[in-house]
Amino acid sequence: MSADPVGLYRTVRLIRRFEERAIDLVHAGTIVGGIHPYLGQEGIAAGVCAALRADDLVTGTHRGHGHVLAKGADPARMLAELCGRSTGLNRGRGGSMHAADLGVGVLGANAIVGAGGAILTGAVWARRRRGDDVVGASFFGDGAVNEGMLLEAFNLAALWRVPVLFVCENNGYATTMPVAGAVAGTITGRAEAFGMPATVVDGQDPETVRAATAAAVARMRAGGGPELVEARTYRFDAHHTFEHVVRLDYRPPDEVAAGRARDPVEIQGARLSTADRAAVDAEVEATLAAAVEFALASPDPDPAGALDHLYASGLVARTGGG
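Residue indices begin from 1 for each chain and proceed along its sequence in written order. Predicted model: local features are reported for residues with pLDDT of at least 70 only, side-chain atom pairs are reported and counted for 80 or more only, and whole-chain, interface and lining totals are derived from all residues. Side-chain figures throughout are based on the complete set of non-hydrogen atoms in the structure, without hydrogens or water.

In the annotation of an unreviewed UniProt entry, the chain is listed under the name Thiamine pyrophosphate-dependent dehydrogenase E1 component subunit alpha and assigned to Micromonospora sp. CCTCC AA 2012012. UniProt positions are given in the numbering used here, feature names are shortened, and annotations may be inferred rather than shown by experiment. Regarding the chain, the relevant UniProt record gives this comment under Cofactor (unreviewed entry): "thiamine diphosphate".

Next comes the structure, spelled out in C-alpha cells:
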C-alpha cells in the first residue's frame, strides 16, 4: 500500500468505515455471530502494510479486518466473507476471524491467540529457503505476549534469523484484563530476551508506525533477523460486538474519552488539504456502498459443498456417521 500521506489516510479511512458498515450488518443480523471491531487501531495496520512489498507476508488476529484490508484485499469480497457468502475471500468459510487472501500475502487472521507468529515464522523461513527475499509482519495483541506459542516463535525466528516483524498492538486490554495485571516486566523485554531489537511506537500515528516499520523491514531484508514493534494504541469500541448488548463495564469513561481523543483517522487526515480529504472520503464511501451491495446480492454457499476444500490433496471427506 502507498506510503504517501493521501495513501495512508485512504487506508485508515477505509478500515474505519468498513468496520462501521460491518457493525451495522451485525446489528441487522446479516453478519452472524458478531465481530471484533478494529476501531481506533487503524494506524497500525495502515502504517505497517505501507512499508511492505506486495509479495511480503502477513498474519493477523481475531481483530484482523484492518490487517487484511491494509495489505490490499478487495473490500467487497472481504465484506462478503464476513456475511458468509460464496463470493467471499474464502467462499464464506473463513468469516471474520479466519479471513485470508493469499494473492496479497495475507496468510490469514487467526482466532487462536498468538498462533499467527508461529505460522508466519514457518512461512517466511520456507520462502527464504526457496530464495525469495520476502519479509513478514505478524500482528498480535498484548494478550498474546505470555502465550507459549508466540514465545516459541520468537525463539525460532531469532535462532534462524527469520525476517519477521512481530507487531504487538497494545491496546491496554486482553478482552477485559488490563495489561498491567497480566504482563510482568515489559512487552519489549520479551523480545530482548531472545536477542531481538524492540521498539515502542505511537500506534495512533500512521506515519510514525510506517517509519518504524520501514526501518525494521530494511534491516530484516538485509539479513538482520527478526524485530518487535510494540505499537501503543487504544480500542475505541467493544472487544466484541456482543458488548453492545451486555454492556460490560471495565473501562472508566474518562479513560475511554482520553483514548478516543487521539484518533488515527483525524491525525492522518489533518495532514491532507480539505479538498484531498473530501475526495478520499467520497471515494471510500463509494467503494463501501458498492461492497455492501455486492455482499448482500451474493448467494449463500451451497450446503452440498460444505465438506469441499478440507484437504489439500483433494481427498473427499466421508459423510455420515456410524
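Structure shown, so let's carry the discussion forward.
Asker: Please explain the pairing of strand β3 (residues 136-141) as it appears in this structure.
Answerer: The side chains of a regular strand alternate, first on one face of the sheet and then on the other. Summarising burial for β3: five of the six residues are buried, a large majority. In this structure, strand β1 (residues 57-59) lies alongside β3, joined through three bridges in parallel fashion. Among the inter-strand pairings, Val58 is bridged to a residue of β3, identified as Ala137. When DSSP finds at least two bridges between two strands, those strands are taken to pair. Helix and strand definitions follow DSSP, with helices as H or I runs of at least four residues and strands as E runs of at least two, each counted in order from the N terminus. Where β3 and strand β4 (residues 164-170) come together, six bridges link them in parallel fashion. Any residue under 20% of the maximum accessible area for its type is buried, any over 50% is exposed, and the rest in between are partly exposed; the area is computed with a 1.4 Å probe on protein chains only.

Asker: Is there a simple way to explain the nonpolar core in this structure?
Answerer: Nonpolar side chains in soluble globular proteins generally cluster together in the buried interior. To form a nonpolar core, buried Ala, Val, Leu, Ile, Met, Phe, Trp, Tyr and Cys residues must be joined to one another through side-chain atoms within 4.5 Å. Counting 60 residues, the largest nonpolar core has Ile31, Val48, Leu52, Met78 and Leu79 as its most contacted members. In terms of residue count, helix α1 (residues 5-27) provides more of this core than any other element does, ten residues in total. The contact criterion used is simple: two residues touch if any of their non-hydrogen atoms lie within 4.5 Å. Setting aside anything within four residues of it in sequence, one finds Leu52 in contact with Val58, Lys71, Val135, Ala137 and Val217. Formed by 21 residues, the second largest nonpolar core is a distinct cluster that contains Leu120, Phe154, Phe166 and Val183.

Asker: Can you walk me through the packing of aromatic side chains in this structure?
Answerer: Here a ring pair, both rings aromatic, is described through the centre-centre distance and the interplanar angle of the planes. The rule is short: rings of Phe, Tyr and Trp, with Trp giving its six-membered ring, pair when the centres are within 6.5 Å, and they are stacked under 30 degrees, edge-to-face over 60, tilted in between. For the structure shown, the criterion picks out five aromatic pairs. Consider the rings of Phe154 and Phe166, whose centres lie 4.7 Å apart with planes at 70°: the pair is edge-to-face. Pair noted here: Phe154 is in helix α6 (residues 148-160) and Phe166 is in strand β4, with a separation of twelve residues, a long-range link. The same class applies to Phe154 and to Phe166, which are both buried. Note on Tyr173 and Tyr250: the rings are 5.7 Å apart at their centroids and 70° apart in plane angle, and the pair reads as edge-to-face. On the criterion of sequence distance, the pair formed by Tyr173 in strand β5 (residues 173-174) and Tyr250 in the loop between α9 (243-246) and α10 (253-260) is long-range, its members being 77 residues apart. Each of the two residues, Tyr173 as well as Tyr250, counts as buried. An aromatic cluster is built from Phe140, Phe154, Phe166 and Phe194, whose rings are joined through pairwise contacts.

Asker: I'm lost on a nonpolar patch on the surface in this one. Help?
Answerer: Patch membership requires more than 30% relative accessible area and the absence of a salt bridge. Residues of like charge join within 9 Å; the nonpolar side chains Val, Leu, Ile, Met, Phe, Trp and Tyr join within 5 Å. Surface accessibility follows the Shrake-Rupley procedure with a 1.4 Å probe radius. Residue values consider only the protein chains on display as shielding. Every case where a carboxyl oxygen of Asp or Glu lies within 4 Å of a side-chain nitrogen of Lys or Arg is listed as a salt bridge. On the surface, Trp125, Leu156, Leu159 and Trp160 cluster together into a nonpolar patch covering about 410 Å² of accessible area. A per-element tally of the nonpolar patch places α6 first, with three residues. Within the secondary structure layout, Trp160 lies in helix α6.

Asker: Please clarify how the packing of α1 against helix α8 (residues 206-224) should be interpreted in this entry.
Answerer: Two numbers describe a pair of packed helices, the interaxial angle and the distance between the axes. It is the contact of α1 with α8, at a shortest axis distance of 10 Å, that shows an interaxial angle of 110°. Classified by the interaxial angle, the pair formed by α1 and α8 is roughly perpendicular. In the crossing of α1 with α8, the sense of the turn from one axis to the other is right-handed. Residues Pro5, Leu8 and Val12 of α1 touch α8, and the partners they reach there are Pro206, Glu207 and Arg210. Any residue that is not Ala, Val, Leu, Ile, Met, Phe, Trp, Tyr, Cys, Pro, Asp, Glu, Lys or Arg is counted as polar, Gly included; the first ten are nonpolar and the last four charged. Looking at side-chain class alone, the contact of α1 with α8 contains four nonpolar, no polar and two charged residues. Angular values range over 0 to 180 degrees, each being the angle between N-to-C directions of two axes fitted as lines to C-alpha atoms, with helices fitted over their stretch in contact. With respect to orientation, any angle under 35 degrees is reported as roughly parallel, any angle over 145 as roughly antiparallel, any angle of 65 to 115 as roughly perpendicular, and every other angle as oblique. Crossing handedness is read from the near helix: turned anticlockwise from the far helix by less than a right angle, it gives a left-handed crossing, and turned clockwise, a right-handed one.

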